[in-house]
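# A structural walkthrough
The primary structure of each chain is shown beneath.
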Amino acid sequence: MNILGISCYFHDAAAALLCDGLLVAAAEEERFSRKKHDYEFPQRAIDFCLRTGGITPADLDYVAFFEKPFLKFERLLLTSLQTFPRSYRVFREAMMSWLGDKLWIRHLIQSRLGVPESKILFSEHHLSHAASAFFCSPFDEAAILTVDGVGEWTTASLGVGRGTELTLLKEIRFPHSLGLLYSAFTAFLGFEVNEGEYKVMGMAAFGTPSHMGDVYKLIRVAEDGSFELDMDYFSFHCSTDRTFNRKFEALFGPPRDPRWNFFTPASGYPAYFGEKPKDYETLGRENQRYADIAASIQRVTEDVLLSMARAAHRETGLRRLCLAGGCALNSVANGRILRETPFEELYIQPAAGDGGGALGAALYAQHTLLGRPRSFVMEHAYWGEAHESWAIERCLTDQNVRYRRYEDEGKLLTRVVDGLQAGKVIGWLQGRFEWGPRALGNRSILADPRRADMKDIVNTKVKFREPYRPFAPSVLRERAEEYFELPGAANHYPARFMLYVVGVREQHRGRLPAITHVDGTGRPQTVGGETNPRYARLIETFGQATGTSVVLNTSFNLKGEPIVNTPGEALSTFARSGLEVLILGDYVVEKSSVRPR
Ligand SMILES: [Fe+2]
């Protein structure tokens, strides 16, 4: 039985393929099209999935789409009619785009893949989220919480998964949305919505949540974890380009200029920003106010998620919780849910956002619609494309790049560890690329986390990012508890996917300055030898050489670009950045061998 799941036309388009109950491939379209957050029909991701499964569209038993287009169209239509004429532009743009491809998704899938109508199934947006978490988890029974911006009508749901059944207990509907509340602040703080949310989370660590009282004027939370927004402050329901309105600005002041660099008196002014501006102190103070607002919306979001999780526990009495939807990528909130609610175990699938809907739709079709038994647990995130040694070698040869091939893995890893210890920033590509937004050791940039200046070095050479975004560490799974406040670290799936922010142990904060955030926390990825043997051995080798089984791991991409997929893209990123060494599988390339292009 072959089931292809598809998500598109909203945030991240993606495809996932199940063959006989097992996941064979899953990838977001952006990794192939090279358009960040590409939401168009994921033809390339579909082609990749079919290629990996060794099948053609004719071999597909079903194609499952992640949401119901007509329900979503109804929501857009009714919302714009309710706020007409303020919403005239939303209405016009929605009509123009929806009467194109979006509404006729069944016909589109039919014509693109040549599969008959009877093989096309539809899930619902939040059911896809729920299925993507629960059916990938090792749990037979769990509470499921999904929280995002919006699907068709639902913005949050509470359900229960048992075996192959998903039961929805409660939902919250548009326009009342925790995701859209967070997005309104993302825009207010000068970041792109659906892209800058994690910047708000990083910025929050520099602030104190002194504006929570004002944030609570926008959202009322009930005892049972449900909430309502006061729509007088927002315009996302009646505008195509504004999420908040004048009343919101009267409360929080003017929005932050998106062109500003972010720094505060505590962060200092990073050298890679260039020369200090004359009004440096005023700008620092102004940024501090915005950091305080970021801290306030972050804390309120965490508190709302905590009250939803506590209510989910009260209502279901279950010990385990699955989380999905864009809000499940808020790793600070996830860490608190683990520590501060009675749930004993959490599962979050690495593509918790809308890309993961493709996988969720396929799993929903397989288990809930078709009643097939479960036989799969997502133990790792390596479901993307791999590139064989011959392809890497051909790419290097074609581009006239000098390289050295290491047949002996031990020697290769020693070479990498020597580079890290010498303070080099290393591009690292191996195996299949990761499913979801995080690089987890197959398309990563690696550096030594023990050096205080490494944050600035990586930023200056490669990332060019503001100091509000801490770098994350990869740690050997069995050693994780030594470094991080995460009891039983090896048992936590979300930590495999870098989805918990936890305390860095006091004695290690000073020793791991490049991955310890200003508030003493870190976002570790726990690495196990059974799911990523070479990466685990690399960290082990680094540990043997330095006494520290932790490396700094950030995604292998330049600012604004999707994470690299192919050796060619890695080479091009290498040439255009300050990376000093590039590892492509068994091949090592030095900077001197590549001309900048
Ligand atoms: Fe979603």
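Structure: above.
Notes on the structure follow. (Residues numbered from 1 in each chain as written. Predicted model: local features only at pLDDT ≥ 70, side-chain atom pairs only at ≥ 80, totals over all residues. Heavy atoms only, no water.)

### Focus: helix α13 (residues 356-369)
To be explicit about the condition: Labels follow the DSSP assignment, with helices taken as runs of H or I lasting at least four residues and strands as runs of E lasting at least two, numbered in each case from the N terminus. For a helix, the expected span equals 1.5 Å multiplied by the residue count minus one. Relative accessibility under 20% of the residue-type maximum defines a buried residue, over 50% an exposed one, and the middle range a partly exposed one, all with a 1.4 Å probe and only protein chains included.
Its 14 residues place the ends of α13 18 Å apart at the C-alpha level, agreeing with the 20 Å of an ideal helix rising 1.5 Å per residue. Counting buried positions along α13 yields 12 of 14 residues, so the element is predominantly enclosed. Buried within α13 are the following residues: Gly356, Gly357, Ala358, Leu359, Gly360, Ala361, Ala362, Leu363, Tyr364, Ala365, Gln366 and His367. Among the residues trailing α13, Gly371 stands out with phi positive, at a value near 70 degrees.

### Some points on the side chain of Ser132
Note the threshold: Polar contact is the term for a pair of N or O atoms within 3.5 Å; when the atoms are in protein, one must be able to donate a hydrogen and the other to accept it, and sequence-neighboring residues count only if both atoms are side-chain atoms. In what follows, residue pairs with any heavy atoms lying within 4.5 Å of each other are defined as contacts.
On the secondary structure map, Ser132 appears in helix α6 (residues 125-134). At 2.7 Å, the side chain of Ser132 forms a polar contact with the backbone oxygen of His129. Contacts of Ser132, omitting those with residues within four sequence positions, involve Ala324, Gln349, Gly356, Gly360 and Leu363.

### Topic: the pairing of strand β6 (residues 141-147)
Spelled out, the test is: Strands pair, by our definition, only if DSSP identifies at least two bridges between them.
Counting buried positions along β6 gives 6 out of 7 residues, so the element sits mostly inside the fold. Alignment of β6 against strand β11 (residues 320-324), held across 4 bridges, turns out to be parallel. Paired with Ile144 across the two strands is Cys322, which belongs to β11.

### A word on the coordination of the iron ion
Applied cut-off: With water omitted from the atoms examined, metal sites may look incomplete; donors here are N, O and S atoms no farther than 2.8 Å from the metal, or 3.2 Å in the case of Na, K and Ca. A four-donor site is called tetrahedral if each angle lies between 85 and 135 degrees; a four-donor site is square planar, and a six-donor site octahedral, when trans pairs exceed 155 degrees and the remaining angles lie between 65 and 115; all other cases are labelled irregular.
Those donors, His125 (NE2), His129 (NE2), Asp148 (OD) and Asp354 (OD), are the protein atoms that reach the iron ion, and they lie 2.1 to 2.3 Å from it. Considering all 4 donor atoms around the iron ion, angles at the metal cover 89 to 170 degrees and the coordination shape is irregular. Spacing between the donor residues of the iron ion along the chain follows H-x3-H-x18-D-x205-D. Of this pair, His125 sits in helix α6 while Asp354 sits in the loop between β12 (345-348) and α13, and the two are 229 residues apart along the sequence. You'll find His125 and Asp354 in the same group, each marked buried.

### What about helix α15 (residues 409-421)?
For an α-helix, the turn length of 3.6 residues means that residues three or four places apart are oriented alike. Keep this limit in mind: For this quantity, the arc is that covered by the directions from the helix axis to the C-beta atoms.
The terminal C-alpha atoms of α15, which comprises 13 residues, lie 18 Å apart, in line with the 18 Å expected from a rise of 1.5 Å per residue. Taken together, the buried positions of α15 are occupied by Glu409, Leu412, Leu413, Val416, Val417, Gly419 and Leu420. Taken down its axis, α15 places every buried residue within 155 degrees of arc, on the same side. The opening residue of α15 is Asp408, an N-cap whose side-chain oxygen sits 2.7 Å from the backbone nitrogen of Gly410. Taken from the residues just after α15, Gly423 is the one with a positive phi, measuring 85 degrees.

### With respect to the sheet that holds β12
Put simply, the rule is: Fitted lines through C-alpha atoms give the axes, limited to the stretch in contact for helices. The angle between two N-to-C directions lies from 0 to 180 degrees.
Pairing is mixed in the open sheet, where 5 strands are placed in the order β8-β7-β6-β11-β12. Two strands in the sheet have a free side with no partner beyond their single neighbour: β8 (165-173) and β12. Across the sheet, the mean angle separating the axes of adjacent strands is 20 degrees when strand polarity is ignored. Examined bridge by bridge, strand β7 (residues 154-162) and β8 share 8 bridges and lie antiparallel to one another. Looking at β8, one finds that Arg162 is bridged to Glu165.

### Observations regarding the sheet that holds strand β4 (residues 62-65)
The sheet built from 5 strands is open, its strands ordered β3-β2-β1-β4-β5 with mixed pairing. Sheet topology places β3 (22-28) and β5 (120-122) at the edges, where each strand pairs with a single neighbour. Direction aside, the axes of adjacent strands within the sheet are offset by 20 degrees on average. Bridge count for strand β1 (residues 2-7) against β4 is 4 bridges, and the pairing is parallel.

### Topic: the nonpolar core
Here is the rule we go by: In these notes, a set of buried Ala, Val, Leu, Ile, Met, Phe, Trp, Tyr and Cys residues joined through side-chain atoms within 4.5 Å is what counts as a nonpolar core.
If you look at the biggest cluster of nonpolar residues, it comprises 175 residues, and the most contacted ones within it are Leu4, Ile6, Ile109 and Phe234. Per element, the largest residue contribution to this core is 13 residues, and it comes from helix α11 (residues 280-316). With 20 residues, the next largest nonpolar core counts Leu412, Val416, Trp428 and Ile539 among its residues.

### Details of the environment of Lys36
Following the sequence through the fold, Lys36 ends up in the loop between α1 (30-33) and α2 (43-53). A sequence separation of 24 residues divides Lys36 from Asp12, and the C-alpha atoms of the two residues are 8.6 Å apart.

Geometric values such as these leave the question of function open.
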